[in-house]
Every structure is written in structure tokens, then in C-alpha cells.
Amino acid sequence: MLDAITAQRLRLIGRLESFDADQWDAPSLCAGWRVRDVIGHLVSILDMPVRRIMLGSVKAGGFHRFAERVAKEYGERDPIALTARYRELATKRFAPPVVGPIAPMGDVFVHTRDIERPLGLAADLDPVVLRTLLDHFCGGRARGFVPASRTAGLSFAATDVAWEAGEGPRVEGPAEAVMLAVNGRSAALVDLGGDGAAELGRRLAA
């Protein structure tokens, strides 16, 4: 998993190095975040000591509030410098307590598409890793990513890789669209079908 995380960071960095100013300032799939803010998040969680993240989260009233503030602070940096710092940190290997390496792997895969999809860039994600992530995200235990209630009672299937999970009305489509939708990105619903797709859409809108 740690090797897969590094590989995806480097793929994303390769794309960032060709972005122009408009692409850096474009909105991402993360509500209220520009592309530069998403990269700010990915860089900041590698750049800051764990102790600072923990203390900052307590003071901010939660990790997500702290992460958003810091992401936008980092996001204001010069894109060339920010990309260079991401490359310096790309090989950093860490696994959060309890959840392990699946968390940073999910983070970089989902945020890659948060950046690329609004810019019209095609997905280029490792299908083996995608299957692992989909098992996690659709398994009811993806704490911090996917509430169990979002996927409960639905089944999921990827149409471009050999993967399916769950029981109930089916949600099907490209693996990256399933990954994004269960992670709350309603923009991906347009690529999904099946008799469970409408129910997933209702859950995201609730």
C-alpha cells in the first residue's frame, strides 16, 4: 500500500507540473476548495509533524476544521514551490494509528480525482488499488471517509474493473465514479446507473 501511495502521488505531481494558472485556481470537487487548496491539503498533512496536527485539531474543534484552514494556507503558496515541496515529500511513508495505510491511500486517490475530474482530465488510477479502496469504502467501516449509512442496503459494481460488493439495489459504473460518489461527490452520479443509483443520490442530497 505504501508503494502504491507514493506512485499515485508522483502521477499527480507529474500532472500538476503542466497546470497553468487557471487550472490551479479552478474549483475542485471539494466544496469551497480550489485545486491549489486540495494540493495544499495533500502537502500539509505530509509536511507538518503529527503532534502539530493533533494539537491543531483539538484547538480547532476537530481535524476537518484544522485541515481546511491549513489546506488554504498552504494553497496560497506559489504553485511551483508547492509542487516542488510535494515532490520532496512524495516518498514519505506513514500510516495513521488504527486505520493504517488505507487512509492516506484513499486520501490521495480521491483527491486526485477531485482535481482532475472538474478539469476534464481522464482517470489514470491503478485498478488493483481501486479494488482495494472500493472494498474499504463500500464495506461500512471507512471511518472518516464514508458513513456506513451511505452504503448500507446497496450493492455496488464497477463496469471497468472486476469488482462488486454488497447486497441490495445495485449502483454500477466506472470504478472511479463509484469511489467518488460514495465519498460524497455528487458530480460522479452522472456516470452511475442501476436500480440503486437514485437511492444513493438521495442519500448524498440529504
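What you are looking at is a predicted structure, and each value in this text was computed from that prediction instead of being measured.

## A few points about the sheet that holds strand S1 (residues 155–158)
Item 1. Taken together, three strands build an open sheet; the order of strands is S2-S1-S3 and the sheet is mixed. Edge strands, defined here as strands with exactly one partner in the open sheet, are strand S2 (163–166) and strand S3 (170–173). Taken pair by pair, the neighbouring strands of this sheet meet at an average axis angle of 10°, ignoring direction.
Item 2. Note: S1 against S3, four bridges, orientation parallel. Bridged to Ala158 within S3 is Gly173.
Item 3. Where helix H10 (residues 175–182) meets the sheet, it contacts S1, S2 and S3, and its direction lies at approximately 145° from that of S1.

## Observations regarding the pattern of salt bridges
Item 1. Going through the model one piece at a time under the given rule, you end up with 18 salt bridges.
Item 2. Across the salt bridge formed by Glu76 and Arg34, the nearest N and O atoms sit 2.7 Å from each other. Pair noted here: Glu76 is in the loop between helix H5 (63–75) and helix H6 (79–89) and Arg34 is in the loop between helix H2 (21–24) and helix H3 (35–47), with a separation of 42 residues, a long-range link.
Item 3. Judged by its relative accessible area of 53%, Glu76 falls in the exposed class.
Item 4. Judged by relative accessible area, Arg34 falls into the partly exposed class, the value being 25%.
Item 5. Arg185 serves as the salt-bridge partner of Asp114, at 2.7 Å between the closest nitrogen and oxygen. Of this pair, Asp114 sits in helix H7 (residues 102–116) while Arg185 sits in the loop between H10 and helix H11 (197–205), placing them 71 residues apart in sequence.

## Side note on the packing of aromatic side chains
Item 1. Counted according to the given criterion, the structure contains two aromatic pairs.
Item 2. Ring geometry for Phe19 versus Trp24: centroids 6.5 Å apart, planes at 75°, classification edge-to-face. With respect to burial, Phe19 and Trp24 carry one shared label: buried.
Item 3. A ring pair is formed by Phe137 and Phe145, whose centres lie 5.4 Å apart and whose planes are at 50°; its orientation type is tilted.
Item 4. Look at Phe145 and you get partly exposed, because its relative accessible area is 21%.
Item 5. The side chain of Arg77 reaches across the aromatic face of Tyr74, ending 3.9 Å from its centre.

## What about the nonpolar core?
Item 1. Core analysis: the biggest nonpolar cluster contains 57 residues, and Ile39, Tyr86, Phe156 and Met179 have the highest contact counts within it.
Item 2. Those elements that provide at least two residues to this core are helix H1 (2–16), H3, H5, H6, H7, helix H8 (127–137), S1 and H10.
Item 3. The element contributing the most residues to this core is H10, with seven residues.
Item 4. With residues up to four places along the chain from it excluded, the contact list for Ile39 reads Leu12, Leu16, Trp24, Leu82 and Ile115.

## Quick look at the environment of Asp124
Item 1. Considering the arrangement of structural elements, one finds Asp124 in the loop between H7 and H8.
Item 2. With 113 residues separating them in the primary sequence, Asp124 and Arg11 have C-alpha atoms 8.6 Å apart.
Item 3. Excluding residues within four positions of it along the chain, Asp124 makes contact with Gln8 and Arg11.

## Quick notes on the environment of Trp24
Item 1. With respect to the element layout, Trp24 can be found in helix H2.
Item 2. Once the C-alpha coordinates of Trp24 and Ile115 are considered, the two residues, 91 residues apart in sequence, prove to be 9.2 Å apart.
Item 3. In this structure, Trp24 is in contact with Leu16, Phe19, Arg34, Val35, Arg36, Ile39, Pro79, Leu82 and Thr83, ignoring residues within four places of it in sequence.

## Here's the deal with the side chain of Thr151
Item 1. Following the sequence through the fold, Thr151 ends up in helix H9 (residues 148–151).
Item 2. Once you skip the residues sitting within four places of it in the chain, Thr151 turns out to touch Phe137, Cys138, Gly140, Val146, Phe156, Val182 and Arg203.

Reading guide: rules and limits
- Residues numbered from 1 in each chain as written.
- Predicted model: local features only at pLDDT ≥ 70, side-chain atom pairs only at ≥ 80, totals over all residues.
- Heavy atoms only, no water.
- Pairing = 2+ DSSP bridges.
- Helix = DSSP H or I, 4+ residues; strand = E, 2+ residues; numbered from the N terminus.
- Axes fitted to C-alpha atoms, helices over the stretch in contact; angles between N-to-C directions.
- Contact = heavy atoms within 4.5 Å.
- Salt bridge = Lys/Arg side-chain N within 4 Å of Asp/Glu carboxyl O.
- Buried < 20%, exposed > 50% of the residue type's maximum accessible area, 1.4 Å probe, protein only.
- Phe/Tyr/Trp six-rings, centres within 6.5 Å; stacked < 30°, edge-to-face > 60°.
- Lys NZ or Arg CZ within 6 Å of the ring centre and 35° of its normal.
- Core = buried A, V, L, I, M, F, W, Y, C linked by side-chain atoms within 4.5 Å.

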